[in-house]
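One letter stands for each residue in the lines below.
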Amino acid sequence: MNLDAKIPSGPLAEKWTKHQAEMKLINPANKRKYEIIVVGTGLAGASASAALGEMGYNVSAFCYQDSSRRAHSIAAQGGINAAKNYQNDGDSIYRLFYDTIKGGDYRAREANVHRLAELSVNIIDQSVALGVPFAREYGGYLDNRSFGGAQVSRTFYARGQTGQQLLLGAYSALSRQVGLGQVKMFERHEMLDVVIVNGRARGIISRDMVTGEIKRHVADSVVLATGGYANVYYLSTNAKGCNATAIWRAHKKGAMFANPCYVQIHPTCIPVSGEHQSKLTLMSESLRNDGRVWVPKKQGDNRKAEDIPDDERDYFLERKYPSFGNLVPRDVASRNAKQVCDDNRGVGTSKQAVFLDFRDAINRLGKPKIEERYGNLFQMYEQITGENPYITPMRIYPAVHYTMGGLWVDYNLQSTVPGLFVLGEANFSDHGANRLGASALMQGLADGYFVIPYTMGGYLGSGGLDKVTTEHQAFAEAENSIRGLTDKLLSINGSKSVDYYHKALGKIMWDKVGMGRNAKGLTEAIAEIKAIREEFWQNVRVLGSGNELNQSLEKAGRVADFMELGELLAKDALHRNESCGGHFREEYQTEDNEALRDDDNFAYVGAWEYTGKNSEPVMHKEALAYENIHLSKRSYK
């Protein structure tokens, strides 16, 4: 299959404007004739539903939460990037574009990333108009702070609650369209399959999570904005409900899955404290603006932080990367934290942590200023650990946080299934092998507010859509398939819980497909995942029935999908014989332990095609052409 990214011709800075001018249009009176399904109501989904509804389309929006405002976007803390250059420190659209390409270790499409940088400035204006209370300077102007991988301050923020405030803004726009009747909300509904009619996405099959009823929904186009797959690792910073079922079921219906091995490990998370944990807690990257990361210089040093003098501390990020210091990109900071812990210089009882120390910032700025910037984050940390970070340095360690891989999409955000569009973290398009901090919110809102309203019109305006109802045979087949899967899960009646298998999968993924990967470990992981998946289908115990609220059944379907996705992730990591961004193959590193790319052989997007239950997936390649940026060794020193 030829992967046609449909990138417009012309100069990079003019591609999006040119594309908008050339796309087909639908007049306002005709937009009300079209039905669009949007699955997911986080920043990408809520903004897309609101924008499409505002334009006159009839939208059906689905979420598995009891309210769209409880989407996981609400958990984002630190901020959102935009090339406004309010600080007059040399920022520009090109600078944001370049930083994002470099931060992704030169494994992202130039055209998509430049469009993202262009639209970033519009997102801030849109959000302010919706009432998002961004932090402001004394004179009333919007404030900025710095994030990793940049030498300018371009991150807009609302204390440590930026995701929440942006989601409430998108939710207010969505609620307006719900009130006007342009958007119909389906809360507590989980998408279980996409329906393909004559090669196009024409609807979904959902399960009412309260009653268990399986339902058919028809539309002219389907939009997936369902987030990433970090919970394949079991322990991650994602909410427990976050899952990959929507994108994985779409993959099995023909949507290619791109770069699944690109997984982001966030360097500042509260360390694992025991086997009882079901998730991990993020400490915002913004803390690295004022916090200094260090460990003792001496191996096995068990003294308290306050008893270790400065000349016996190793501020290892500042030492190794003087140009960026503590604000290196996440993959770099995470690998370095792992290296010092592997060197027996970790802190805390587990020795799997490093210090994030605010002593110097408090002495320089005063406690009230630090409290103003990070107060809610400090409170969260103290509630979880029982330690006061104003007095004792935070203990942090890397954890799985975000996935750069996802369903393959072209420049229009359309997957390899015509009519199936994918937004936000659910697609692969903008971040390459590593996402810079504060760019996830930027991508989600750019896709939802400013890209899909145009590209959806271009698709629908091209015509060719047959009249389809839920009585079509394809809907019956999809529904019967879901009912069969439900009956199978409930009938196994084994001896082990769903969580048992999810934990077992997560351990394999973290140990062998985590921060450090090698051919031996990846080969073992593939075999072990296959074995545990076979045992799952023979011995899992799913409680209850299908005709009721049943969280055990919900989790079983999601974990079954995670097992298949986890195997593909490991295969993708095994095939990519290089290190880049969040994908670190231990065999491919420089003398000073930095990622060693192989641009001659791996400067491409690897998109995997599903070929059947017992068949090996087939990889297709989209070559990455760099016309405006010179490929070079990524350095933050």
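All chains use their own residue numbering, which begins from 1 and follows the written sequence. Two thresholds apply to this predicted model, a pLDDT of at least 70 for residue-level local features and 80 or more for giving and counting side-chain atom pairs, whereas whole-chain, interface and lining totals are computed over all residues. Excluded from the side-chain calculations are hydrogens and water; all other atoms, namely the structure's heavy atoms, are used.

It is worth spelling out the domain arrangement of the protein chain at this point. In many reports, interface size means the accessible area that the parts give up when they come together. Boundary definitions for the domains trace back to an automatic or database domain assignment. Once the domains are mapped, the protein chain shows domain 1 (265-399) and domain 2 (473-623). A separation of 31 Å is found between the C-alpha centroids of domain 1 and domain 2. In this description, contact between two residues means that some pair of their heavy atoms is separated by no more than 4.5 Å. Across the contact, 12 residues belong to domain 1 and 10 residues belong to domain 2. In short, buried area is how much 1.4 Å probe accessible area vanishes from two parts on joining, totalled over both. Between domain 1 and domain 2 lies a buried interface of about 900 Å² when both sides are counted; carbon and sulfur atoms form 57% of it. Its largest share of buried area at the contact with domain 2, domain 1 owes to I265, R335 and K338, together 50% of the area lost on that side. Basic side-chain nitrogens of Lys or Arg form a salt bridge, by our definition, when they fall within 4 Å of a carboxyl oxygen of Asp or Glu. Taken together, the links from domain 1 to domain 2 amount to zero salt bridges. Definition of a polar contact: a pair of N or O atoms within 3.5 Å, with one able to donate and the other able to accept a hydrogen when the atoms are protein atoms, and with sequence-neighbouring residues admitted only if both atoms are side-chain atoms. At the junction of domain 1 and domain 2, the tally comes to three residue pairs in polar contact (both at pLDDT 80 or more). Under the scheme used here, helices are H or I runs from DSSP no shorter than 4 residues and strands are E runs no shorter than 2 residues, and both carry numbers assigned from the N terminus. When residues of the side of domain 1 that touches domain 2 are traced back to their parent elements, those giving at least two are helix 9 (330-342) and strand 15 (394-403). The element contributing the most residues to the side of domain 1 that touches domain 2 is helix 9, with five residues. Note that Gly is not counted as nonpolar here; it falls among the polar residues with everything else outside the nonpolar set of Ala, Val, Leu, Ile, Met, Phe, Trp, Tyr, Cys and Pro and the charged set of Asp, Glu, Lys and Arg. When grouped by side-chain class, the residues that make up the side of domain 1 that touches domain 2 number four nonpolar, three polar and five charged.

Another point: the environment of G375. The topology assignment puts G375 in helix 11 (residues 367-385). Each C-alpha atom of the pair G375 and S9 lies 48 Å from the other, and the pair is 366 residues apart in sequence. Apart from residues lying up to four places away in sequence, G375 is in contact with R159, I370 and Y390.

Inspection of the secondary structure assignment puts G566 in helix 16 (residues 551-575). Taking the C-alpha atoms as reference points, G566 and Y233, separated by 333 residues in sequence, lie 8.4 Å from one another. Here G566 is in contact with V232, M509 and I529, once residues within four sequence places are set aside.

Now for the pairing of strand 14 (residues 354-357). The buried label applies to any residue whose accessible area, calculated with a 1.4 Å probe on protein chains only, is under 20% of its type's maximum; exposed applies above 50%, and partly exposed to all values in between. A two-sided burial pattern is seen for strand 14, the buried positions comprising V354 and L356 on one face and F355 and D357 on the other. With three bridges joining them, strand 12 (residues 292-296) and strand 14 adopt antiparallel strand pairing. Considered in strand 14, the bridge of W294 is made with F355. When DSSP finds two or more bridges between a pair of strands, those strands are recorded as paired. Strand direction decides the pairing type here: strand 14 and strand 15, joined by three bridges, are antiparallel. Bridging across to strand 15, F355 finds its partner in R395.

As a further point, take the sheet that holds strand 13 (residues 313-314). Pairing between the strands of a sheet comes from backbone hydrogen bonds, and it takes one of two forms, parallel or antiparallel. Here five strands make up an open sheet; going across it, the order is 11-15-14-12-13 and the pairing antiparallel. Edge positions in the open sheet fall to strand 11 (263-269) and strand 13, since each of these has one partner strand only. Here strand 12 runs beside strand 13; their pairing, made up of two bridges, is antiparallel. When the bridges of strand 13 are listed, P296 appears paired with R313.

Let us now look at the state of the cysteines. The criterion for a disulfide is a pair of cysteine sulfur atoms lying within 2.5 Å. Summed over all chains, the structure comprises zero disulfides. Its sulfur unpaired, C269 is 13 Å from the next cysteine sulfur, which belongs to C341. Among the cysteines around C580, which has no disulfide bond, C261 carries the closest sulfur, lying 6.5 Å off. By relative accessible area, C580 is classed as buried at 0%.

Moving on to unusual backbone geometry. For N259, which is not glycine, the phi dihedral falls at a positive 50°. With phi around 65°, K351 is a residue other than glycine that occupies positive phi space. Tracing the chain through its elements places K351 in the loop between helix 9 and strand 14.

Attention now goes to the packing of helix 4 (residues 93-103) against helix 5 (residues 110-129). Between helix 4 and helix 5, the least distance of the axes is 9 Å, while the angle of their chain directions is 135°. It follows that helix 4 is oblique to helix 5 by the angle criterion. Crossing hand, helix 4 versus helix 5: right-handed. Taking contact as the criterion, the partners of I93, L96, F97, T100 and I101 in helix 4 are, on helix 5, E110, V113, H114, A117, E118 and S120. Partitioned by chemical class, the residues of the contact of helix 4 with helix 5 number six nonpolar, three polar and two charged. Under this scheme, a helix contributes an axis fitted over its contacting stretch, all axes are lines through C-alpha atoms, and angles between N-to-C directions fall in the 0 to 180 degree range. Oblique is the label for every angle not falling under 35 degrees (roughly parallel), over 145 degrees (roughly antiparallel), or within 65 to 115 degrees (roughly perpendicular). By definition, any crossing whose near helix is turned counterclockwise from its far helix by less than a right angle is left-handed, and any crossing with a clockwise turn is right-handed.

Three or four residues apart is the spacing at which side chains of an α-helix point the same way, because the helix has 3.6 residues per turn. Each helix should span, by expectation, one fewer than its residue count multiplied by 1.5 Å. Its 13 residues give helix 9 an end-to-end C-alpha distance of 18 Å, which sits within 8% of 18 Å, the value for a rise of 1.5 Å per residue. Looking at helix 9, one finds that the buried residues are R330, D331, V332, A333, S334, R335, N336, A337, V340 and C341. Contacts from the buried residues of helix 9 go to strand 11, strand 12, helix 8 (316-320), strand 14 and strand 15. Just past helix 9, the residue N344 takes up positive phi, approximately 65°.

Okay, helix 15 (residues 519-539) next. Look at helix 15: 30 Å from first C-alpha to last across 21 residues, which is about the 30 Å you get at 1.5 Å a residue. Every buried residue belonging to helix 15 is among G521, L522, A525, I526, I529, I532, R533, F536 and N539, and all of these are buried. Residues of helix 15 that are buried sit in contact with helix 13 (473-492), helix 14 (498-512) and helix 16.

On any regular strand, side chains alternate: one points to one face of the sheet, the next to the other face. With nine of 10 residues buried, strand 15 is to be regarded as a mostly interior element. Across five bridges, the pairing between strand 11 and strand 15 is antiparallel. If you follow I265 over to strand 15, its bridge partner there is V400.

So, about the packing of aromatic side chains. By convention, a stacked pair of Phe, Tyr or Trp rings (six-membered ring in the case of Trp) has centres within 6.5 Å and planes under 30 degrees apart, an edge-to-face pair has planes over 60 apart, and any other such pair is tilted. By the definition in use, this model includes 22 aromatic pairs. The interplanar angle of 80° and the centroid separation of 6.5 Å between the aromatic rings of Y106 and Y626 together place this pair among those described as edge-to-face. In this pair, Y106 sits in the loop between helix 4 and helix 5 while Y626 sits in the segment after strand 19 (618-623), placing the two residues 520 residues apart along the sequence. Y106 sits in the buried class, given a relative accessible area of 1%. Between Y501 and F536, the aromatic rings sit 5.6 Å apart at their centres with planes inclined by 85°, giving edge-to-face as the arrangement.

To continue, consider the sheet that holds strand 19. As summarised here, the arrangement of the four strands in space is 16-10-18-19, forming an open sheet in which the pairing is antiparallel. Since the sheet does not close on itself, it has two edges, and those belong to strand 16 (406-407) and strand 19, each with one partner. Pairing analysis gives six bridges linking strand 18 (residues 604-609) to strand 19, with the strands arranged antiparallel. Bridging from a neighbouring strand, V605 pairs with E622 of strand 19.

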